[in-house]
2 protein chains.
Amino acid sequence: MHDVARLARVSVSTVSYVLTGARPISQATRDKVLAAMAELDYQPNAMARGLASRRSRIVGLLMPMDERGLGATETAFVTGAAAAASAAGYHLVLSPVGAGDVDDLRRLASQRMLDGAVLMEVQVEDGRVAALQEAGVPLVLIGRTGDTTGLSYVDIDFEQTVREAVDHLVGLGHRRIVYVNHSAATIAAGYGPAVRTRDAFVAAMADHGLAPIMIPAEDSAAGGRAALTAALAQAPDLTAVLAMNENAIFGILGELATRGHAVPRDVSVVSMVTSPQVAELAHPALTAMTSPGSALGRIAVEALLRHLEGAGDTHQQLLPCALEVRGSTGPAAGARDRTDPAGSGPPVT
Amino acid sequence: MHDVARLARVSVSTVSYVLTGARPISQATRDKVLAAMAELDYQPNAMARGLASRRSRIVGLLMPMDERGLGATETAFVTGAAAAASAAGYHLVLSPVGAGDVDDLRRLASQRMLDGAVLMEVQVEDGRVAALQEAGVPLVLIGRTGDTTGLSYVDIDFEQTVREAVDHLVGLGHRRIVYVNHSAATIAAGYGPAVRTRDAFVAAMADHGLAPIMIPAEDSAAGGRAALTAALAQAPDLTAVLAMNENAIFGILGELATRGHAVPRDVSVVSMVTSPQVAELAHPALTAMTSPGSALGRIAVEALLRHLEGAGDTHQQLLPCALEVRGSTGPAAGARDRTDPAGSGPPVT
DNA sequence: GTGAAAGCGCTAACAA
DNA sequence: TTGTTAGCGCTTTCAC
């Protein structure tokens with residue numbers, strides 16, 4: 001920096017101000033400095049800047065990494081967030097910090113490495129929130145904790161998303177619709193998406209004067225198979241499945257095929273919060289509620305950066321998923337012979 | 001730190017030495033200092049340490065993020081790497097830097113934020129390597145560039161992996177085996193895994209006196225369907241498919257089902273470099289070559305840290321995938337009526 | 001085994 | 001509009 005200043009025949013502070021833009025610099029001077037920087041291939045030292053300014057210009061994206069991996073949906077969060085950070089001159093670092101290893105996070109935060117953080121896969125009770133708040137690190141959630149007072153978040157509008165999915169199916173004439181959620185344990189733990197979609201499903205069905213049928217499923221193909229078996233036991237006359245569980249969906253499809261139920265002729269299937277890539281993996285391709293992936297990431301980072309600039313108001317926003325009709329939904333079959341039509345109301349002839 | 005020193009009645013340098021372990025400290029003094037640090041809930045400032053020591057204690061995991069997302073395999077790399085870094089007192093930050101945005105990387109590197117880097121999804125010609133080398137940032141690859149002279153890497157032993165897969169199938173009596181690779185464009189671009197497995201397949205088949213049949217496939221379910229169609233056209237009597245393409249595999253399975261070929265009764269399927277999670281998604285579950293995911297990440301970071309400590313030798317290592325037999329492979333059907341047995345050698349009676 | 005003090009490369013008052 | 005300079009919080013010689 002010294003060298004740049006000398007070459008441009010200005011003081012080091014002028015070079016610094018050109019860099020930070022913290023005070024007006026005449027065009028002539030700025031050009032000289034810029035030329036010198038280019039000439040010397042100068043790059044400011046991040047540590048020194050961080051120490052002097054007390055801002056690292058790094059924001060963390062805290063992203064639990066379980067063995068399941070990242071779906072296309074989560075990846076979209078990341079790319080959206082990274083783009084937004086980069087555009088604002090910040091570095092976005094991903095940190096595989098889950099709700100479990102809060103200690104790791106506490107250290108990271110106390111060491112003043114992070115100017116702020118975006119939390120993914122937020123739990124109802126999420127230790128990471130308190131850890132960051134105690135360390136004085138501004139944060140924005142993707143998802144929601146139980147109590148969001150004073151917290152900024154961006155989340156999927158599950159109510160609206162479920163409603164749209166149900167409307168789509170009801171519009172096709174379906175009346176016996178099963179909702180396959182996450183596992184019972186997950187729901188009991190109060191996992192937001194599971195709880196909210198459950199409640200929304202009950203409400204949406206009620207609006208159509210229909211009875212909700214709901215089945216939990218473990219996050220695996222086997223879980224999906226078991227869930228469908230349970231669903232058929234409970235509602236042999238079901239004509240549509242709405243599934244929240246991206247891991248179980250393939251099991252559901254497999255079990256439907258095994259039992260000779262054709263999709264969408266016999267049973268229509270809608271997958272929630274699913275990326276187009278995953279939807280295309282199935283055959284027929286899945287009608288799905290596509291999550292606003294990169295938009296969520298971008299908005300979260302933009303809100304965070306606004307906080308860093310000192311804007312004190314909290315940002316709370318919900319975005320719906322978009323219905324994308326593919327091959328897995330069709331008109332409800334009218335009368336069909338089933339092994340046991342009981343429980344579906346008066347038998348259809 | 002000043003406060004810690006005063007409370008412990010030692011000098012700041014002593015506190016620093018307790019922190020870094022750069023010189024012997026008597027047990028009594030160390031205890032006093034540690035007690036003071038705990039008392040004051042002291043956390044050293046990462047920026048200041050980085051500036052003074054010229055080492056950030058951050059290593060980057062450079063991980064291209066395309067829209068497909070991260071598979072379970074890549075996730076295992078990450079968790080393995082993060083664990084290894086954390087154990088050594090380093091922070092592992094993931095950076096979504098692909099072979100494309102080298103400029104971003106160049107900036108990151110020149111700003112001295114990274115003590116070192118691990119590169120994932122390395123291309124044959126990967127601009128990231130030169131960018132890091134020019135910036136003087138030590139690096140380790142997961143995968144390999146075309147010329148690995150002087151570079152450290154950890155990669156999958158594709159030769160051995162393909163050999164084991166072929167041996168498994170031949171051991172079951174299969175002789176007409178089709179290899180479904182990545183797309184022709186990917187192979188032409190010299191993508192390592194595609195090229196290496198192709199060559200290994202030819203060699204392994206030759207060892208058994210068999211003729212290799214190979215079909216490229218786009219990375220999608222549709223690509224898999226097309227590939228299987230092409231394969232059946234070329235070798236109507238095929239009894240086994242070995243697939244490298246995790247995205248195409250579901251299309252292959254779907255097309256087999258559509259055509260009425262049962263797995264594994266009519267056709268056996270082996271999936272390469274596949275995580276157990278994905279293998280379990282299919283029905284029947286896929287016999288697969290499971291990649292040594294977390295081990296790759298761990299070994300890469302350990303090698304990198306050794307470089308940071310000044311060890312100058314390059315680390316080059318190959319790890320094979322492990323064969324995990326599930327439901328998608330079985331004995332080759334002997335004689336079966338096919339539409340066209342021609343091209344399979346003398347007809348079997 | 002410990003302490004004193006000179007930076008690390010920048011930013012941001014303060015001064016002009 | 002620009003220059004001067006005192007730190008930012010630590011590490012690491014150099015001295016004892």
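Here we summarise the structure given alongside this text. Quick caveat, the model's predicted, so the values are computed rather than measured. (Residues numbered from 1 in each chain as written. Chains lettered and ligands numbered in written order. Predicted model: local features only at pLDDT ≥ 70, side-chain atom pairs only at ≥ 80, totals over all residues. Heavy atoms only, no water.)

### Side note on the overall build of chain A
Put simply, the rule reads: A run of H or I in DSSP counts as a helix once it spans at least four residues, and a run of E counts as a strand once it spans at least two, with each numbered from the N terminus. Residue contacts are counted whenever heavy atoms from the two residues lie within 4.5 Å of one another. Residue burial considers only the protein chains on display, and all accessible areas are found by Shrake-Rupley using a 1.4 Å probe. In this tally Asp and Glu are treated as negative and Lys and Arg as positive; neither His nor the chain ends contributes. Taken as the charge location is NZ of Lys, CZ of Arg, CG of Asp or CD of Glu.
Along its length, chain A carries 14 helices and 12 strands. C-alpha atoms of chain A, sized along the principal axes, occupy 95 × 35 × 35 Å. A separation of at least 24 residues holds for 70% of the contacts in chain A among residues at least 6 apart in sequence. Accessible surface, chain A as shown: approximately 14500 Å² in total, 52% of it carbon and sulfur. A distance of 7 Å separates the average location of the 28 positive side-chain charges in chain A from that of its 36 negative side-chain charges.

### Observations regarding the packing of aromatic side chains
Here is the rule we go by: Stacked, edge-to-face and tilted are the three classes for Phe, Tyr and Trp ring pairs, Trp counted by its six-membered ring, which pair at centre distances within 6.5 Å; planes under 30 degrees apart are stacked, over 60 edge-to-face, the rest tilted. For a Lys NZ or an Arg CZ to count as sitting over a ring, it must be within 6 Å of the ring centre and within 35 degrees of the ring normal.
Counting across every chain of the model gives 3 aromatic pairs over all chains. When the ring centre of Tyr90(A) is taken as reference, the NZ or CZ atom of Arg57(A) above it lies at 4.6 Å.

### Observations regarding the relation of the copies chain B and chain A
Here is the rule we go by: Least-squares superposition of the copies uses the C-alpha atoms of those residues scoring a pLDDT of at least 70 in each of them.
For the pair chain B and chain A, the superposition axis carries a translation of 0.1 Å, the fit reaches an RMSD of 0.1 Å, and the rotation angle comes to 180°. Taken together, the rotation angle and the small translation identify this as a two-fold axis. Both copies share a contact surface, since 100% of the interface residues of chain B are interface residues in chain A too.

### With respect to the sheet that holds strand 12 (residues 322-324) of chain B
Where strands meet in a sheet, backbone hydrogen bonds hold them as pairs that are either parallel or antiparallel. Residues and elements named next belong to chain B. Stated precisely, the cut-off is as follows: One requirement defines pairing of two strands: DSSP has to find at least two bridges between them. Angles here are taken between N-to-C directions and fall from 0 to 180 degrees, while the axes themselves are lines fitted to C-alpha atoms, restricted in helices to the stretch in contact.
Spatially, the 6 strands line up as an open sheet ordered 7-6-8-9-10-12, and their pairing is mixed. Among the strands making up the open sheet, the edge pair consists of strand 7 (213-216) and strand 12. Within the sheet, the average angular offset between the axes of one strand and its neighbour, ignoring direction, is 20°. The pairing of strand 9 (residues 268-271) with strand 10 (residues 287-290) spans 2 bridges and is classified as parallel. Pairing of valine 270 across the sheet is with threonine 287, part of strand 10. Where helix 12 (residues 249-258) meets the sheet, its contacts fall on strand 6 (177-181), strand 8 (240-243) and strand 9, and the angle it forms with strand 9 comes to roughly 175°.

### Points about the protein's contact with DNA strand D
For clarity, the cut-off: The rule for a residue being near a molecule or strand is that one of its heavy atoms must lie within 4 Å of it. For the purposes of these results, a polar contact is taken to be a pair of N or O atoms within 3.5 Å, where, inside protein, one atom must be able to donate a hydrogen and its partner to accept one; residues adjacent in sequence count only when each atom of the pair is a side-chain atom. Note on residue categories: nonpolar means Ala, Val, Leu, Ile, Met, Phe, Trp, Tyr, Cys or Pro, charged means Asp, Glu, Lys or Arg, and polar means any other residue, Gly included.
In the vicinity of DNA strand D, 27 residues are found, and the nearest of them are Ser13(A), Thr14(A), Thr29(A), Ser16(B) and Tyr17(B). Between DNA strand D and the protein, one listed contact pairs a base nitrogen with a backbone N or O atom of Ala48(B) at 3.5 Å. Of the residues that constitute the surface near DNA strand D, the class distribution is 11 nonpolar, 11 polar and 5 charged.

### Concerning unusual backbone geometry
This is how the line gets drawn: For each residue, the accessible area found with a 1.4 Å probe, counting protein chains only, is set against the maximum for its type, and the residue is called buried under 20%, exposed over 50%, and partly exposed in between.
Here the amide bond leading from Val263(A) into Pro264(A) is cis, since omega sits at 5°, within 30 degrees of zero. With respect to the element layout, Pro264(A) can be found in the loop between helix 12 (249-258) and strand 9 (268-271). Non-glycine residue Asp41(A) carries a positive phi angle of around 55°. Relative to the helices and strands, Asp41(A) resides in the loop between helix 3 (27-40) and helix 4 (46-53). Classification of Asp41(A) by relative accessible area gives exposed; the value is 64%. Residue Arg9(B) is not a glycine yet carries a positive backbone phi of 60°. Secondary-structure assignment places Arg9(B) in the loop between helix 1 (2-8) and helix 2 (12-20). On the basis of relative accessible area, Arg9(B) is assigned to the exposed category, the value being 74%.

### Re the pattern of salt bridges
Residues and elements named next belong to chain A. Inclusion rule: Salt bridges are identified by distance alone: a Lys or Arg side-chain nitrogen within 4 Å of an Asp or Glu carboxyl oxygen.
Taken as a whole and judged by the stated rule, the model has 28 salt bridges over all chains. Among the ionic pairs, arginine 265 bridges to aspartate 266, the shortest N-O distance being 3.0 Å. By relative accessible area, arginine 265 is classed as exposed at 59%. Beyond isolated ion pairs, a larger network of salt bridges with shared partners links Arg225, Glu255 and Arg259.

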